[in-house]
Amino acid sequence: MSYAYLFKYIIIGDTGVGKSCLLLQFTDKRFQPVHDLTIGVEFGARMITIDGKQIKLQIWDTAGQEAFRSITRSYYRGAAGALLVYDITRRETFNHLTTWLEDARQHSNSNMVIMLIGNKSDLDSRREVKKEEGEAFAREHGLVFMETSARTAANVEEAFINTAKEIYEKIQEGVFDINNEANGIKIGPQASPTNPSLPGSGGAAGAANSGCC
Amino acid sequence: MSGLEWKKIDLIDLVLLPRHRIQNIKTEIVAQCSNGEKFDNKGSNTTVFCGKNGMIHVFFRNWEYITFKSQSRNEAPIKFCALTTMDVLATVTQENNCSVCIQVYDLRKLTKREGTPHLATTNLSPDSAVTSIQAECSEDGKLLALGIGFENGELLLHYGTVNSINFQRHVICLRPIIGIQFEMLRHQSDHGGLICNMFLDCIDKIFCYLLHEKGLVHKNPILDERTSKHNHSSTMHKPKGADEAYFVVGRDDAIYCFTKDEKGPCYAIEGQKTNILWVDNLMVVLLKNKKNIFTPLSSCVITVVDIENKIIIFNREIKNVLCITAGIASFYIITKDSSGCTYNIYILQELNTVNVIRLLTEKHMYDIALRILDRKGLGDSPVTAQVRFQYGNHLYSIGEVCRAASEYEKTIGTIKPYNVISKLLSVRNNKHLMLYLKKLVVSEHATNEHRKLLCNCTDRNKIHFNVHELCRLQFNTSSQNILHLGASKNIAIRGDSSFKMSNIELQMGENGDLPQLFLDSDEMKILELFADTAEDLLTNHSEHILKVALSLMANGRITDTLRFLTLFPDHPEFCSNVLSNVIEHDPNCNEKYYYYLLVLYLGLWRDKKRTEKFILQFLKNSPLRTEKAMVLCKMYLFSVGIKQFLNGNNETFSSICAEENIRKCINYLIKGNSDFKTPLKKDPSSLLFVLQSIFHNADIQVLHLRPLLMEESMKNVIDPCDEAQCVVDLNKAIEKYHSLLVQLEESPIEFRNTSCEKCHQVWKLPSLYFICQHSFHKDCYTTNKTSKCDICITNTEHSVKLMPTISLEAGDIVLDISKILAFGIFN
């Protein structure tokens, strides 16, 4: 399917905060109560519409365990948006946000839009992190904040779409260099039928030197 | 290997295929390739082994084989070979890292009678060593993509017809190209030619180029760059239903997937990958064993991952692995023996479904078992229903009743409903049972009994709902709500006392009359009714329950007020309100009510729910007897009340403390507590003195004292005369024990026995000696629980009969003990 832009997202956060469930809810609109541990990085995609334009979201769902941190780091580069997720029923997942944020800022491009997500909002009776605390953290670090529930689907769409809107606005403002795919944004055939991003199109190798043997 | 994270279970057997044709190869294999794994078994399952002697052995899917001689003029053996899905074979030989000979064969034309199916030969003289080769054909077999990678990062690429090989040289990077893969796409380019993606693996970088007949098209060539982890091997895989294939790269830390545009998923399997095959949902990874890093072919670990289920289904160390190839629905492992010239072939054979399911269910991997059954087209089979039932039971056992019920519902038609119903019969599972029964009824597997049960469950659910609904309505019910109540009346009759109480509550609120239900019940039943539910309702409707209770008392339906109040031990406020109302309406009521009310008020005062002023006012206005009121005030440490009695009513207090009153009081106590008769009679003031001392300790309660006071010794202590005598007796006893100990210390025992006390035979070791001077052979000694002397035990048993006499004579327990000891020791 053709699209105007492709945005690449990465979902990060401690193990068990519900990253895979958020992805599953967003891509398949379903909730799986028992999800196998993510061992590496999983992959999902979905089309959304912003400002009348079709936008493809490609999402990397990473493993939260410390053992996979080096693998996760290799995915930061090339992501336009990140969902930094914590579990409102587990204080320690909130406490680790600073580490995750440092990691993300260090390995990603500086313009990456980061959305802070307090997941499992349906478990309010077991809440350990107040909404105000999440808001304060987001305010302090310049993030967008939202509480979601992958179980009830509350705010899940909004979380992904609002992040896309932020990225889209940055594109409109010229903050993102859309020709540099390392920024996690790709222009689709819908936006550019001739695909100007292919400088060597129709000719011989661009970067590679070629010659007949 | 990130083995801790992966689930593991052995679902594959490694089976040696004996007397296989591969054993006919009697020379060292220097290169091999196959097309079985290419694009999920789209290849013809042909495998090629190139011998050191220049012979090429082609094995077809039935393991029939044909051998032909390589046409290369180089003396060097074949270094690399590649086979397309259309059975076009390309081989490379290289002499001294320079002279390269590339041969192309069409294996489709290979027969035993015909000669070598040679298509083309190209001789080149590059500056670097060949590090990789790959070839792929278009579906019609006319277009060939052939790439040869070199150590210096150069690439020789042919993209054109099969018959005429025309290489173009490209400099890709400065690192060796260790992996090349082609993805032939069905759609055509603007120029009319087929589009082909070419992926290159260059140790630390991944490139992707778009090819057409005229050469390379530069399109975001660097897909990934990572200097810290090196790439080792690569393959192509197209997931089911996906538009594009993955270029799969094995790195030290994980296996990464790439599309032509970006990074895809990755699977964390640690180790140096020498070979990766991925067919359907199974990924086979050949890992170099860390223990034998200097002998690459000696030992490898083969890991098979079921990607769909995220589970490792085979993980074993195997020695001397040459390669792995994909066959029809199976994988083959070819190993060579220590001589290096004889080969064996193993097949990775999946266990039969029954065993697989058994193993998975044993490890509680029900969801995987269900997915596997579904994959095998057994989703509607009885086996699946059985697994679902087991899964349901497992979920039920861990408290996931909702999910359990969902699994049970899917077993309808196969599993007997009784098995499920018996699990969900509890009231708390009523909702789930109803859902199950509804589905059962719809499925037409239900009997009349099941339908009746569903009706009962529905009623049960309505009762629950109505109770909550009525509680919510409280007393401001609209006419509509009264109608609702009326509709629920029938249900109330069925015996749900909660509902009855709600009903009563509402009726009282409407007209103030006593509910009919109570008029029809005796006092015992009314108390039972309150005992069942009223306490719950008190939480929200205490005032209304109070009205009901007072009305019942006023109408004589409850006569034993205090008994009624004992039903609400946790609601002193309610109890005090009841009592104060009762007293208000009948000031001449039972005196006990006043005291009980005082106790309740004092309790509330302690909880800061009543003021001192309020209590004092009550004390002033109530006809309480001063001494009893004082005791109660003392119990609750209500010092203001006590002071009032002491200061304000001196006269009264002195009269309370008068000798005569104390005596009266003690006599009253003796009457009620015959056990305390002795101490109370002997010296009441001493007893009171002792009690006063004891009660300074807040932890001691009266009940603790009861057994103590009944002790004979305590009675003696209470009596001052006996006290002195007791001290004298105890001192005497201590003196006796002291002298006995001195005697034992100063009188060593002379051992003179010459024979065993049991067998009377001559003394020999090992033997046992007791302080009583009895001795035994160790073998003769009868082991008993106390390890005492056998003879003395017998004597003691005999002497027990005399003990009562002794006890009576002594009159002192200490003396008794000393006598018994003396008897035991010296006789």
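Just so it is clear, the model here is predicted, and its values are computed rather than measured.

Before going further, it helps to examine the overall build of chain A. Assigned secondary structure in chain A consists of six helices and eight strands. Along the chain direction, N to C, the helices and strands of chain A fall in the order β-α-β-β-α-β-α-α-β-α-β-α-β-β. Sorting the 213 residues of chain A into buried and exposed places 51% on the buried side. Here chain A has roughly 9,100 Å² of accessible surface; of this, 46% comes from carbon and sulfur atoms.

Moving on, we come to the packing of aromatic side chains. Evaluated as defined, the whole model comprises 23 aromatic pairs over all chains. Judged by centre distance (5.0 Å) and plane angle (85 degrees), the rings of Tyr601(B) and Phe618(B) are edge-to-face. Placement of Tyr601(B) in helix H14 (residues 591–606) and of Phe618(B) in helix H15 (residues 612–621) is noted, with a sequence separation of 17 residues between them. Residue Tyr601(B) shares its accessibility class with Phe618(B), and that shared class is buried. Through a chain of ring-to-ring contacts, the aromatic side chains of Phe49(B), Phe59(B), Trp63(B), Tyr65(B) and Tyr332(B) assemble into a single cluster. Across from the ring centre of Phe26(A), 4.3 Å away, lies the NZ or CZ of Arg46(A), which sits over that ring. Here the basic side chain of Arg69(A) rests over the ring of Trp100(A), its NZ or CZ set 3.8 Å away from the ring centre.

Residues and elements named next belong to chain B. Ordered by their spatial adjacency, four strands build an open sheet running E2-E30-E29-E28, and the pairing between neighbours is antiparallel. Two strands in the sheet have a free side with no partner beyond their single neighbour: strand E2 (12–17) and strand E28 (321–327). Ignoring which end each strand starts from, the neighbouring axes of this sheet average 25 degrees apart.

Right, let's get into the confidence of the model for chain B. Residue and element names in this part refer to chain B. Summary statistics for chain B give a mean pLDDT of 77 and a share of 73% for residues scoring 70 or more. The weakest mean pLDDT in chain B belongs to helix H8 (residues 479–493) at 39; the strongest belongs to helix H1 (residues 353–362) at 91. Note on residues 802–811: pLDDT under 50 across the span, and nine contacts to partners over four residues away in sequence or across chains. The ipTM, which scores confidence in the relative placement of chains, is 0.82 for this predicted complex, and the corresponding pTM is 0.62.

Angle between the axes and distance between the axes: these two values describe a pair of packed helices. All names here are of chain B. Their axes nearest at 9 Å, the elements helix H13 (residues 572–585) and H14 cross at an angle of 145 degrees. When the axes of H13 and H14 are compared, the crossing they make is left-handed. When H13 is examined against H14, the residues Pro 572, Glu 573, Cys 575, Ser 576, Leu 579, Ser 580, Val 582 and Ile 583 are found in contact with a partner set consisting of Tyr 593, Tyr 594, Tyr 596, Leu 597, Leu 600, Tyr 601 and Leu 604. Along the lines of polarity and charge, the residues of the contact of H13 with H14 split into twelve nonpolar, two polar and one charged.

Looking now at the environment of Cys759(B). All names here are of chain B. Inspection of the secondary structure assignment puts Cys 759 in the loop between helix H24 (720–746) and strand E31 (767–769). Take Cys 759: its relative accessible area is 27%, and that puts it in the partly exposed class. Measuring from C-alpha to C-alpha, the distance between Cys 759 and Cys 780 comes to 7.0 Å, with 21 residues separating the pair along the chain. Not counting residues up to four positions away in its chain, the partners in contact with Cys 759 are His 777 and Cys 780.

The subject of this paragraph is the environment of Leu373(B). Residue and element names in this part refer to chain B. Looking at where Leu 373 falls in the secondary structure, it is placed in helix H2 (residues 366–375). Taking the relative accessible area as the measure of exposure, Leu 373 reaches 0% and is therefore buried. The spatial distance from the C-alpha of Leu 373 to the C-alpha of Val 383 is 8.4 Å, given a sequence separation of ten residues. Apart from residues lying up to four places away in sequence, Leu 373 is in contact with Thr 353, Ile 357, Leu 378, Gly 379, Val 383, Thr 384 and Val 387.

Here the focus is the pairing of strand E24 (residues 273–279) of chain B. Residue and element names in this part refer to chain B. Within E24, six of the seven residues are buried, leaving the element largely enclosed by the surrounding structure. In this sheet, strand E25 (residues 282–288) lies alongside E24 in antiparallel orientation, the contact comprising six bridges. From the neighbouring strand, Leu 277 faces E25, where its bridge partner is Val 284. Between the antiparallel neighbours E24 and E25 lie two residues, among them Asp 280 with a positive phi of about 55 degrees.

Moving on to the sheet that holds strand E8 (residues 88–95) of chain B. Each strand in a sheet pairs with its neighbour through backbone hydrogen bonds, running either in the same direction (parallel) or in the opposite one (antiparallel). All names here are of chain B. Judged by pairing direction, the sheet is antiparallel, and its four strands sit side by side in the order E7-E8-E9-E10 without closing on themselves. What marks the edges here is a single partner per strand, and that holds for strand E7 (78–83) and strand E10 (118–124). Sheet twist, expressed as the mean angle between neighbouring strand axes with direction ignored, is 15 degrees. Pairing geometry for E7 and E8, over five bridges, is antiparallel. The residue bridging Leu 83 from the neighbouring strand is Leu 89, located in E8.

Glancing now at the nonpolar core. In this structure, Ile71(A) and Leu116(A) are the most contacted members of the largest nonpolar core, which totals 57 residues. Sequence-distant contacts of Leu116(A), defined by excluding residues within four places in its chain, comprise Leu84(A), Tyr86(A), Leu97(A), Gly134(A), Phe137(A), Ala138(A), Leu143(A), Val144(A), Phe145(A) and Met146(A). Residues Ile318(B), Val387(B), Val420(B) and Cys457(B) belong to the second largest nonpolar core, which totals 54 residues.

So, on to the pairing of strand E30 (residues 343–350) of chain B. Residue and element names in this part refer to chain B. Across six bridges, the pairing between E2 and E30 is antiparallel. In the strand pairing of E30, Asp 13 is matched with Gln 349. Note that strand E29 (residues 330–336) and E30 share six bridges and pair antiparallel. From the neighbouring strand, Lys 336 faces E30, where its bridge partner is Tyr 343.

How each quantity is defined
Residues numbered from 1 in each chain as written. Chains lettered and ligands numbered in written order. Predicted model: local features only at pLDDT ≥ 70, side-chain atom pairs only at ≥ 80, totals over all residues. Heavy atoms only, no water. Helix = DSSP H or I, 4+ residues; strand = E, 2+ residues; numbered from the N terminus. Buried < 20%, exposed > 50% of the residue type's maximum accessible area, 1.4 Å probe, protein only. Areas by Shrake-Rupley, 256 points an atom, 1.4 Å probe, with all protein chains shown as cover. Phe/Tyr/Trp six-rings, centres within 6.5 Å; stacked < 30°, edge-to-face > 60°. Lys NZ or Arg CZ within 6 Å of the ring centre and 35° of its normal. Pairing = 2+ DSSP bridges. Axes fitted to C-alpha atoms, helices over the stretch in contact; angles between N-to-C directions. pLDDT = per-residue confidence, 0-100. Contact = heavy atoms within 4.5 Å. Left-handed = near helix turned anticlockwise from the far one by under 90°. Nonpolar A, V, L, I, M, F, W, Y, C, P; charged D, E, K, R; others polar. Core = buried A, V, L, I, M, F, W, Y, C linked by side-chain atoms within 4.5 Å.

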